[in-house]
Each structure stands twice: as C-alpha cells, then as structure tokens.
Amino acid sequence: DIEADSFWCMTKVLEGIQDNYTFAQPGIQLKIRQLEELVKRVDRQLHNHIVNHDVQYLQFSFRWMNNLLLRELPLTATIRLWDTYLSETEGFSKFHLYVCAAFLIRWKADLLAKQDFQGILLFIQNVPTAKWNDKDISLLVAEAYKLKYTFADAPNHLPDCRIKPTL
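**Some points on the packing of helix α5 (residues 75–87) against helix α9 (residues 134–151)**
Item 1. For the pair α5 and α9, the least separation of the axes is 9 Å and the interaxial angle reads 35 degrees. For the element pair α5 and α9, the recorded crossing hand is right-handed. In contact with A77, R80, L81 and T84 of α5, α9 contributes D134, I137, S138, V141 and Y145.
Item 2. Within the contact of α5 with α9, the residues separate by chemical class into 5 nonpolar, 2 polar and 2 charged.

**Focus on the packing of helix α2 (residues 26–42) against helix α6 (residues 91–106)**
Item 1. The contact between α2 and α6 brings their axes to 10 Å, and the two run at 50 degrees. Relative to α6, the element α2 is oriented oblique. The element α2 and its partner α6 pack so that their crossing is right-handed. Contact residues: α2 offers K31, Q34, L35, L38, V39 and V42, while α6 offers S93, L97, Y98, C100, A101, L104 and I105.
Item 2. Tallied by class, the residues present in the contact of α2 with α6 amount to 10 nonpolar, 2 polar and 1 charged.

**Regarding α2**
Item 1. Taking 1.5 Å per residue as the helical rise, α2 with its 17 residues ought to reach 24 Å, and the 24 Å between its terminal C-alpha atoms agrees with that figure.
Item 2. Taken residue by residue, α2 has G27, I28, L30, K31, I32, Q34, L35, E37, L38 and V39 as its buried positions.

**Thoughts on the pattern of salt bridges**
Item 1. Inspection of the entire model under this criterion finds 8 salt bridges.
Item 2. Note that E37 and K40 form a salt bridge whose closest N and O atoms lie 3.7 Å from each other. Of the two residues, E37 and K40 both sit in helix α2, 3 residues apart, roughly one turn of that helix.
Item 3. Given a relative accessible area of 10%, E37 falls into the buried group.
Item 4. Bridged by salt links that share partners, the residues E37, K40 and R41 form one connected network.

What counts and how
Residues numbered from 1 in each chain as written. Predicted model: local features only at pLDDT ≥ 70, side-chain atom pairs only at ≥ 80, totals over all residues. Heavy atoms only, no water. Axes fitted to C-alpha atoms, helices over the stretch in contact; angles between N-to-C directions. Helix = DSSP H or I, 4+ residues; strand = E, 2+ residues; numbered from the N terminus. Left-handed = near helix turned anticlockwise from the far one by under 90°. Contact = heavy atoms within 4.5 Å. Nonpolar A, V, L, I, M, F, W, Y, C, P; charged D, E, K, R; others polar. Parallel < 35°, antiparallel > 145°, perpendicular 65-115°, else oblique. Expected span 1.5 Å × (residues − 1). Buried < 20%, exposed > 50% of the residue type's maximum accessible area, 1.4 Å probe, protein only. Salt bridge = Lys/Arg side-chain N within 4 Å of Asp/Glu carboxyl O.

Structure representation (structure tokens):
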C-alpha cells in the first residue's frame, strides 16, 4: 500500500530530527554548535578564517540543517545524498553533521580567497553546485565517512555540544 509506505518513509526521515522543527529549534541549534566544534578540530585554519571575519556558523549552516542541504544541491544530487542518509543508521540525525563539515571543507580554497565578511558569506550561501553530479556527491559522502569514523566513536570529540541527559 503506497500510503503506508509513504508514511513509514516519512517517519524514517523525521526520526531523530524532530527537535529541528519544534519551538526554538533546539536540534538545529545543537547541530550548528557541533558543526563549528567539528570544523574547529578538523580544519582550524578554515575555522579561524571564518570566525576572524565575523561570520557566524548560524548565518550559513542554519539553512543546511533546516533543509538538509536541499537548497544547496541540485535535485539529482540531493536524491543521491538522501539515499545515503536513508541507508545509514541515524543518517539524517547524525551523519548529516559530518556531511555538512565535509561540504564546508570542500570549499576551503574558495573561502580562504575571500577576505571580507560579505565575500565569505555570499560565497558560502551560494556555493557553485549547480552542475554537481553523482561523482561529486560520492566524494562528499566519502569525506563525511572519513570524518564520521574518525570522530563519531570518540566520546569527547564534541564536549561542549553534548545534550545533557535529563534526570
């Protein structure tokens, strides 16, 4: 039954990211902090360049987290990426963070060439992905997997961003 299949597919997509779409969007706020911490650990030069020009991660990555990179990629590339998310345990809720970090780092040379707030922000909000294809997404996903397997099982890799358990 197509209705039941659609329901369970949507349930799978939303599983683990409900906090992204509730009041004050705490899930997105957490992911933005985690992205900043991860990039700081993985590529301090890029991180410093971004923050030294007064660009806040919130200004560009909120849209990445809210729309799951849908607005940054062509539809065929998005379908390929989301297929990876669906095949991953917690793909939308956890793996997406590593994809966003790999996506940001992918543009390092371009971003380092920008020497002011406006240049950095305009570029990062309009990255040139219109002609991206399966190969580009495969490379992005491969970089994200490298980050995931380097950091995901290290319990202290995002110490300032962990959700504190409630008692």
